[in-house]
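Given next are the chains, with one letter for each unit.
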Amino acid sequence: MWVARRFLSSVIQRAQYVGQPGSFLRPQQGSPPELELRYVQCTCCWRSRVPVAGFETLNATISFPSEPCQVDQSRPLDAYYTLEQQAAILQLLNNAPAAELACVKLLRGRKSLNIVEYRTKNGPFKTLESVVNVPLLKHKSAVVVFNSILNPVKKERKVKIRLVKFIKPDVDKSQLEDANTIVSIVCGTNKVAWAHVDRGMTVLDWQHLECPNFLKGNYMASAYLNDVSSVVALLPSADFYIIEKSSISVQNTSLFPVMAHMRSVEAMLFALLEPKNFPSDSNSPPKVLNMVRTAVGRHFGLMVGESRTSGAQIVRQLMTESVTQKLPRINVPQEMLVKYRNSFQLGRRGGGGGEELCDALLQAVAFYELLSESSC
């Protein structure tokens with residue numbers, strides 16, 4: 001035993017790293033035989049081979065890079081997958097609808113729509129390399145998508161349907177998915193705006209109403225009720241009414257008058273829009289729901305810290321895509337495009353109702369998209 005230990009000790013003392021990791025100087029004459037190199041495949045790309053020495057005592061010091069291997073963009077992506085794997089990937093990319101594609105890692109949101117638009121315009125993908133022509137999909141992200149298609153993450157199915165987290169009060173997700181239309185309502189300091197949108201992402205109605213009694217005097221209940229009732233009289237019929245839940249903190253005393261105003265209008269909308277037989281009819285869900293304002297802001301990347309910035313630029317982009325793309329994110333009728341084409345310019349103040357109109361539309365879009373993502 002002691003002879004074996006002495007032999008191993010002399011080998012370790014003579015071995016020195018030169019050049020690439022895992023290679024050793026040839027021992028001098030009379031020394032033990034040269035160490036045999038062994039290789040470990042990279043678990044990221046399954047192509048790169050990391051050389052290591054044969055003795056476990058030497059292997060213990062080998063460390064692997066924390067960053068994943070870079071895809072060699074000079075080689076076509078098809079070279080890294082078998083014919084069967086290529087066929088499985090292309091089958092999904094060429095036939096799955098946008099909702100199913102959104103369940104694949106990295107394909108949520110705009111990327112899944114871009115894939116559908118690209119194959120509609122250019123025909124089905126014939127090679128994996130052609131997928132990188134899709135906007136927002138490059139080699140590195142394409143590899144993640146392909147691997148996710150081949151090895152999807154299995155999610156445990158729960159017997160009870162989970163409730164949508166961003167909607168209050170709690171409603172079964174299946175009931176929300178059955179809705180044909182919603183009316184998204186946003187209250188401002190002097191107006192209320194709404195957007196009537198169907199499940200096909202088409203805007204049916206989009207307008208606002210000035211409310212002259214808002215934030216005037218001592219919050220006269222009768223005056224507030226007159227303004228809110230005027231709004232309710234104009235609202236179209238829908239399966240659900242989604243009212244924006246403002247995120248004003250009660251600890252910010254300077255904004256307390258605004259918070260009291262928002263809560264007063266919100267309570268009146270709930271009272272006037274909710275059917276009189278609710279909640280006695282336990283079989284029907286509530287028709288009036290709250291959607292948290294910050295959830296919509298995060299969905300569109302409008303949050304800066306705890307504050308939400310203007311969504312005017314995103315709404316202008318949605319309106320442009322409605323005209324220029326075959327499968328836009330939301331369909332805005334021509335008459336509404338003409339009516340509101342100048343309502344969302346930066347720096348525009350008063351009269352246009354721009355911010356409330358923007359927020360009402362963005363809330364409707366976020367509602368359907370977040371509901372679709374939660375189904376994956």
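Right above here is the structure, for reference.
Engineer: Help me understand the nonpolar core, please; the structure alone is not making it clear to me.
Structural biologist: Note that soluble globular proteins tend to have their nonpolar side chains buried in a common cluster. By size, the foremost hydrophobic cluster in this structure holds 44 residues, and its most contacted members are W206, M291, I330, F344 and F367. For this core, the element with the highest residue contribution is helix 13 (residues 354-374), accounting for twelve residues. Apart from residues lying up to four places away in sequence, W206 is in contact with W194, A195, V315, M319, V332, M336, Y340, F344, L357 and L361. With 24 residues, the next largest nonpolar core counts Y80, L92, F125 and I149 among its residues.

Engineer: Just to check I follow, could you spell out the sheet that holds strand 8 (residues 288-292) for this structure?
Structural biologist: Strand-to-strand pairing in sheets goes through backbone hydrogen bonds, with the strands running parallel or antiparallel. The six strands are arranged 3-8-7-4-5-6 in an open sheet whose pairing can be described as mixed. Bordering the open sheet on either side are strand 3 (167-168) and strand 6 (203-210), each of which pairs with just one other strand. Pairing between strand 3 and strand 8: two bridges, direction antiparallel. Across the sheet, K168 pairs through a bridge with N290, a residue of strand 8. Contacting strand 4 (181-187), strand 7 (240-245) and strand 8, helix 9 (residues 256-273) runs over the sheet at an angle of about 170° to strand 7.

Engineer: Where do I start with the environment of D178 in this structure?
Structural biologist: With respect to the helices, strands and loops of the structure, D178 is situated in the loop between helix 7 (173-177) and strand 4. Residue D178 is classed as exposed on the basis of its relative accessible area of 57%. Spatially, the C-alpha atoms of D178 and D239 are 8.9 Å apart, while their sequence positions differ by 61 residues.

Engineer: Quick question: what am I supposed to make of the packing of aromatic side chains here?
Structural biologist: What characterises a pair of aromatic rings is the spacing of the ring centres plus the angle enclosed by the ring planes. Scanning the model with the defined rule gives seven aromatic pairs in all. On the numbers, 5.4 Å between centres and 5° between planes, the contact of Y118 with F125 is stacked. When the centroid spacing of 5.4 Å and the interplanar angle of 80° are considered together, the rings of F367 and Y368 count as edge-to-face. Put simply, the rings of W206, Y340 and F344 touch in pairs and so form one group of aromatic residues.

Reading the values: the criteria
Just so you know, the residues in each chain are numbered from 1, in the order the chain's sequence is written. Selection of residues for local features in this predicted model requires a pLDDT of at least 70, selection of side-chain atom pairs for listing and counting requires 80 or more, and totals for whole chains, interfaces and linings are taken over all residues. Processing note: side-chain calculations cover all non-hydrogen atoms of the structure and skip hydrogens and water entirely. By nonpolar core we mean a set of buried residues, namely Ala, Val, Leu, Ile, Met, Phe, Trp, Tyr and Cys, connected to one another through side-chain atoms within 4.5 Å. Burial status follows relative accessibility: with a 1.4 Å probe on protein chains alone, a residue under 20% of its type maximum counts as buried, one over 50% as exposed, and anything between as partly exposed. Secondary structure is summarised from DSSP: a helix means a run of H or I of at least four residues, a strand means a run of E of at least two, and numbering begins at the N terminus for each. Throughout, a contact is declared for two residues whenever any of their heavy atoms are within 4.5 Å. A pair of strands is labelled paired if DSSP reports no fewer than 2 bridges between them. Angles shown run from 0 to 180 degrees and are taken between the N-to-C directions of axes, each axis being a line fitted to C-alpha atoms and, for helices, limited to the stretch in contact. Think of it this way: a Phe, Tyr or Trp ring, Trp meaning its six-membered ring, pairs with another when their centres are within 6.5 Å, and the plane angle makes it stacked under 30 degrees, edge-to-face over 60, tilted otherwise.

Honestly, it's all geometry; don't read function into it.
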